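Here's the letter readout for the chains.
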Amino acid sequence: MAKRFLILLIIINFLIIIAAGFMMPVWAEFVHKIHGDIRTAGNAICIFSIILGFFTWFTGKWENQLGHQEIILVVSQGLFSLSYLGYFWVYSPFTLYIVQIALGICAAIQAPALFALYERYIPRSESTFYWGIWAGSYNIAIGFGALISAYTVHHFGFRVMFEALFAVSQLCFWFTLGTVLKIRKIC
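Since we're looking at a predicted model, the values are computed, not measured.

Basis of the calculations
Residues numbered from 1 in each chain as written. Predicted model: local features only at pLDDT ≥ 70, side-chain atom pairs only at ≥ 80, totals over all residues. Heavy atoms only, no water. Helix = DSSP H or I, 4+ residues; strand = E, 2+ residues; numbered from the N terminus. Buried < 20%, exposed > 50% of the residue type's maximum accessible area, 1.4 Å probe, protein only. Contact = heavy atoms within 4.5 Å. Areas by Shrake-Rupley, 256 points an atom, 1.4 Å probe, with all protein chains shown as cover. Lys, Arg positive; Asp, Glu negative; His and termini not counted. Charge placed at Lys NZ, Arg CZ, Asp CG, Glu CD. Axes fitted to C-alpha atoms, helices over the stretch in contact; angles between N-to-C directions. Parallel < 35°, antiparallel > 145°, perpendicular 65-115°, else oblique. Left-handed = near helix turned anticlockwise from the far one by under 90°. Nonpolar A, V, L, I, M, F, W, Y, C, P; charged D, E, K, R; others polar. Core = buried A, V, L, I, M, F, W, Y, C linked by side-chain atoms within 4.5 Å. Salt bridge = Lys/Arg side-chain N within 4 Å of Asp/Glu carboxyl O.

## A few points about the overall build of the protein
When its secondary structure is counted, the protein shows seven helices and zero strands. The order of helices and strands in the protein, counted from the N terminus, is α-α-α-α-α-α-α. With the C-alpha coordinates aligned to their principal axes, the bounding extent of the protein is approximately 50 × 35 × 30 Å. Burial statistics for the protein: of 187 residues in total, 47% are counted as buried. Taking contacts inside the protein between residues at least 6 apart in sequence as the whole, the part at least 24 apart equals 83%. For the protein, the accessible area works out to roughly 9,900 Å², and carbon and sulfur atoms hold 71% of it. Measuring between centres, the 11 positive side-chain charges of the protein sit 8 Å from its 7 negative side-chain charges.

Structure, rendered in structure tokens:
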């Protein structure tokens, strides 16, 4: 049963990272579209990364005390979906920074819970193998997300790409909810 949950958590992470990879190939063009420049792009990535890093210290401690990583995972994925909707209203560097703050907070909430759940079900004798699957899946998902978004923006524009991003994020939310319900029912 534990291996089944590991596979489901790998799929959840795969979907999460596909969504996260959407902006990678189109980042510079999107920043230019909202009248930003290379500094805007750097600032936005810096804001996301610092918010993510700083808040993860606190959310990790809080989640460790609280427990219920399954619920936190579902809630954080729902928050991610809502935050991705923010891209529809980005029209300036300032509004981009607000979306990056929201996404950084969501990632800071999600990462400790997701990693804790994954680690909980890894058989100790196979931990290197399963972390290898996790890391490899992460990179494959980044590639798929980048490919999907690049072709979507090229052929249909940013709006359709943001719709696809939201759809992937929603798919992940519902899959996460279903998986968490299975985990809680069995365990």
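## As for the packing of helix 1 (residues 2-21) against helix 4 (residues 69-85)
Describing two packed helices takes the angle between their axes plus the distance from one axis to the other. Helix 4 packs onto helix 1 with a crossing angle of 20 degrees between their chain directions and a minimal axis gap of 12 Å. In terms of orientation, helix 1 and helix 4 fall into the roughly parallel class. Note on packing geometry: the crossing formed by helix 1 with helix 4 is left-handed. Together, Leu-9, Ile-12, Ile-16, Ala-19 and Ala-20 of helix 1 and Leu-73, Gln-77 and Tyr-84 of helix 4 make up the contact between the two elements. Each residue belonging to the contact of helix 1 with helix 4 can be placed in one class, and the counts come to seven nonpolar, one polar and no charged.

## A word on the nonpolar core
Counting 48 residues, the largest nonpolar core has Phe-30, Tyr-87 and Leu-96 as the members making the most contacts within it. Contributing elements (two or more residues each) for this core: helix 1, helix 2 (27-33), helix 3 (38-66), helix 4, helix 5 (93-121), helix 6 (127-156) and helix 7 (158-186). Looking at this core element by element, the count peaks at 11 residues for helix 1. Setting aside chain neighbours within four positions, we find Phe-30 in contact with Met-23, Tyr-87, Val-90, Leu-96, Phe-158 and Phe-162.

## Focus: the environment of Ala-107
Checked against the element boundaries, Ala-107 lands in helix 5. Between the alpha carbons of Ala-107 and Phe-80 there is a distance of 7.8 Å; along the sequence they are 27 residues apart. Apart from residues lying up to four places away in sequence, Ala-107 is in contact with Phe-48, Leu-52, Phe-80 and Pro-112.

## Here's the deal with the pattern of salt bridges
Under the defined criterion, the tally for this structure stands at four salt bridges. The salt bridge involving Asp-37 is made with Arg-39; its shortest N-O contact spans 2.4 Å. On the basis of relative accessible area, Arg-39 is assigned to the exposed category, the value being 58%. The residue Glu-163 makes a salt bridge to Arg-159 at a minimum N-O spacing of 3.8 Å. Of this pair, Glu-163 and Arg-159 both sit in helix 7, four residues apart, which is roughly one turn of that helix.

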